[in-house]
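Spelled out from the first residue to the last, the chains are:
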Amino acid sequence: MDPHVSDPSAPLKGGPSKKTEKKLAKEARHQVVSFVFMIFLTSVAFLTVASDTIPNRFAIPFILLIAVVQVLMQLYYFMHLNDRGNGWNNIMLWTGIFVAIMTVPTLMLLIGVIKF
Amino acid sequence: MAQAEEVKHDQALPPYPEKATLEGKNKFLGFWFFLGGETVLFASLFGTYLGLRNGVADGPTSQELFHLDLVFYMTMILLTSSLTSVFAIINMKKGNYKGLLGWMWATVALGVAFLSFEIYEFWDYTVNYGLGFSTSAFASSFYTLVGTHGAHVLFGVLWISTLLIRYAKTGLTLTNAPKFYTASLYWHFIDVVWVFIFTVVYLMGV
């Protein structure tokens with residue numbers, strides 16, 4: 001391997017290529033748009049709960065759905081899970097989510113309903 | 001030793017400086033493995049909270065305690081800090097090291113602001129409402145869940161500050177690029193957990 005490329009303590013000089021620059025600009029646009037959208041969703045969730053006219057049986061599933069949408073936007077737009085070369089990262093995270101989905105209702109039932 | 005100095009040639013910025021070395025790739029993969037584990041950790045705390053949240057004994061209930069305005073400010077602060085760390089990483093990929101450091105400092109400042117709100121909140125509950133850690137099952141599970149998240153924010157603040165001070169003058173290298181990148185992933189994950197905390201704990205508890 002070329003020693004110049006493998007020295008990790010050398011400062012990186014220069015800018016990105018035109019192609020990368022374009023890609024970064026597009027990425028930044030997507031991220032700002034998703035940020036504005038997340039602010040909007042958060043406000044909707046708070047308003048849903050703050051207004052007394054919306055019944056709980058509608059409000060609770062609705063704000064949970066908003067939370068899931070927001071988290072997916074974080075994971076895919078801010079944390080780049082959809083970029084190439086993220087296959088294993090997706091597997092790691094989704095395995096965690098899979099276990100989490102079973103953990104939450106199990107604990108709710110065991111200590112909330114059965115009450116050991 | 002003189003030879004080691006000579007190796008330090010400048011090199012061109014790769015498109016993904018955080019994944020350009022094997023070490024960087026390993027850090028990246030290992031960090032996602034860690035985040036999968038963190039997901040399960042928080043799931044167990046959420047499950048416990050949801051199971052115990054009605055067990056208020058004679059202590060205050062969540063309806064008496066929670067103030068939506070405070071939680072709204074905290075949510076906005078944390079969401080904005082997520083965006084500043086995104087800007088930091090974009091600057092890193094552009095090779096703008098000053099921009100990376102500046103946006104990371106902004107992230108740290110917002111994290112500290114969030115923590116101050118949370119400390120005020122816990123102080124308010126303990127002193128003004130008499131909700132101690134062992135007042136009720138609700139109190140214990142609430143403080144454990146939200147406190148664990150707060151501890152993660154504190155750890156993130158300390159971690160990113162350490163990186164910023166340690167690498168204040170080195171410029172962007174293939175060694176520190178993965179470190180900054182994983183720190184930003186950690187910060188986003190903190191925000192992901194907070195989205196569920198404000199929804200499940202605060203909005204469903206008012």
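Keep in mind it's a predicted model, so treat the numbers as computed, not measured.

1. Examining the overall build of chain A
Part 1: For chain A, the helix and strand inventory stands at 4 helices and 1 strand.
Part 2: Tracing chain A from N to C terminus, the helices and strands come up as α-β-α-α-α.
Part 3: For 116 residues, the compact-globule estimate of 2.2 N^0.38 gives 13 Å, and the C-alpha radius of gyration of chain A, at 22 Å, exceeds that figure by more than 25%.
Part 4: If one aligns the C-alpha atoms of chain A with their principal axes, the spans along those axes are about 65 × 35 × 20 Å.
Part 5: Taking all 116 residues of chain A together, 34% fall into the buried category.
Part 6: If you take every contact in chain A between residues at least 6 apart in sequence, the share linking residues at least 24 apart comes to 46%.
Part 7: Looking at chain A as shown, the accessible area adds up to about 7,300 Å², and 72% of this sits on carbon and sulfur atoms.
Part 8: The averaged location of the 6 negative side-chain charges in chain A is 8 Å from the averaged location of its 10 positive side-chain charges.

2. Some thoughts on the pattern of salt bridges
Part 1: Per the stated rule, a full pass over the model turns up 2 salt bridges over all chains.
Part 2: Here A:Lys23 makes a salt bridge to A:Glu27, at a shortest N to O gap of 4.0 Å. Here A:Glu27 and A:Lys23 lie together in helix 2 (residues 18-50), a separation of 4 residues that amounts to about one turn.
Part 3: A salt bridge links B:Glu23 to B:Lys27; the shortest N-O distance between them is 3.0 Å. Pair noted here: B:Glu23 and B:Lys27 are both in helix 2 (residues 22-52), with a separation of 4 residues, about one helical turn.
Part 4: Judged by relative accessible area, which is 51%, B:Glu23 ranks as exposed.
Part 5: Owing to a relative accessible area of 27%, B:Lys27 belongs among the partly exposed residues under this scheme.

3. Here we look at the nonpolar core
Part 1: Ranked by size, the top nonpolar core spans 81 residues in total, and within it B:Trp32, B:Phe142, B:Phe180 and B:Tyr202 carry the most contacts.
Part 2: Residue assignment for this core shows that the elements contributing at least two residues are helix 2, helix 3 (56-78) and helix 4 (87-114) of chain A together with helix 2, helix 4 (68-93), helix 5 (97-129), helix 6 (137-166) and helix 7 (176-202) of chain B.
Part 3: Here this core gets 18 residues from one element, more than from any other, and that element is helix 7 of chain B.
Part 4: Each of domain 1 (16-82) and domain 2 (84-116) of chain A contributes no fewer than three residues to this core.
Part 5: Setting aside residues up to four positions removed in sequence, B:Phe142 forms contacts with B:Tyr49, B:Phe66, B:Glu121, B:Phe122, B:Tyr125, B:Gly147, B:Val201 and B:Tyr202.
Part 6: Formed by 9 residues, the second largest nonpolar core is a distinct cluster that contains A:Met38, A:Phe78, B:Leu83 and B:Ile90.

4. Some remarks on the environment of B:Phe122
All names here are of chain B.
Part 1: Summarising the element assignment, Phe 122 is placed in helix 5.
Part 2: Remark: the alpha-carbon pair of Phe 122 and Val 146, spanning 24 residues in sequence, is separated by 9.7 Å.
Part 3: Once residues within four sequence positions are removed from consideration, Phe 122 is found in contact with Phe 142, Tyr 143, Val 146 and Gly 147.

5. Looking at helix 4 of chain B
Residues and elements named next belong to chain B.
Part 1: In this model helix 4 runs 38 Å from its N-terminal to its C-terminal C-alpha over 26 residues, within 8% of the 38 Å that 1.5 Å per residue would give.
Part 2: Counting buried positions along helix 4 yields 21 of 26 residues, so the element is predominantly enclosed.
Part 3: Count one or two residues on from helix 4 and you reach Gly 95, which has phi positive near 80°.

6. Here's the deal with the side chain of A:His80
Part 1: Locating A:His80 in the fold gives a position in the loop between helix 3 and helix 4.
Part 2: On the basis of relative accessibility, which here comes to 6%, the residue A:His80 falls in the buried class.
Part 3: For A:His80, the residues in contact, after removing those within four places along its chain, are A:Glu27, A:Gln31, A:Leu75, A:Asn86, B:Lys93 and B:Tyr181.

7. Things to note about the interface of chain A and chain B
Part 1: Taken together, the contacts link 58 residues of chain A with 62 residues of chain B.
Part 2: Buried area between chain A and chain B, both sides added, is near 5,300 Å², and the carbon and sulfur share of it is 74%.
Part 3: Taken as a group, A:Leu12, A:Phe46 and A:Met79 account for 15% of the area that chain A buries against chain B, more than any other trio of residues on that side.
Part 4: Remark: the boundary between chain A and chain B carries 0 salt bridges.
Part 5: Across the contact surface, chain A and chain B share 7 residue pairs in polar contact (both at pLDDT 80 or more).

8. Some thoughts on the domain arrangement of chain A
Residue and element names in this part refer to chain A.
Part 1: Taken domain by domain, chain A holds domain 1 (16-82) and domain 2 (84-116).
Part 2: Listed as interface residues are 6 residues of domain 1 and, on the opposing side, 6 residues of domain 2.
Part 3: Together domain 1 and domain 2 conceal approximately 440 Å² of surface at their shared face, both sides included; 57% is due to carbon and sulfur atoms.
Part 4: Per-residue buried area on domain 1 facing domain 2 is highest for Leu 75, Tyr 76 and Leu 81; these three make up 72% of the total on that side.

Scoring rules and cut-offs
- Residues numbered from 1 in each chain as written.
- Chains lettered and ligands numbered in written order.
- Predicted model: local features only at pLDDT ≥ 70, side-chain atom pairs only at ≥ 80, totals over all residues.
- Heavy atoms only, no water.
- Helix = DSSP H or I, 4+ residues; strand = E, 2+ residues; numbered from the N terminus.
- Rg over C-alpha atoms; globule rule 2.2 N^0.38 Å.
- Buried < 20%, exposed > 50% of the residue type's maximum accessible area, 1.4 Å probe, protein only.
- Contact = heavy atoms within 4.5 Å.
- Areas by Shrake-Rupley, 256 points an atom, 1.4 Å probe, with all protein chains shown as cover.
- Lys, Arg positive; Asp, Glu negative; His and termini not counted.
- Charge placed at Lys NZ, Arg CZ, Asp CG, Glu CD.
- Salt bridge = Lys/Arg side-chain N within 4 Å of Asp/Glu carboxyl O.
- Core = buried A, V, L, I, M, F, W, Y, C linked by side-chain atoms within 4.5 Å.
- Domains from an automatic or database assignment.
- Expected span 1.5 Å × (residues − 1).
- Buried area = accessible area lost by both parts, 1.4 Å probe.
- Polar contact = N/O pair within 3.5 Å; in protein donor to acceptor, adjacent residues only side chain to side chain.

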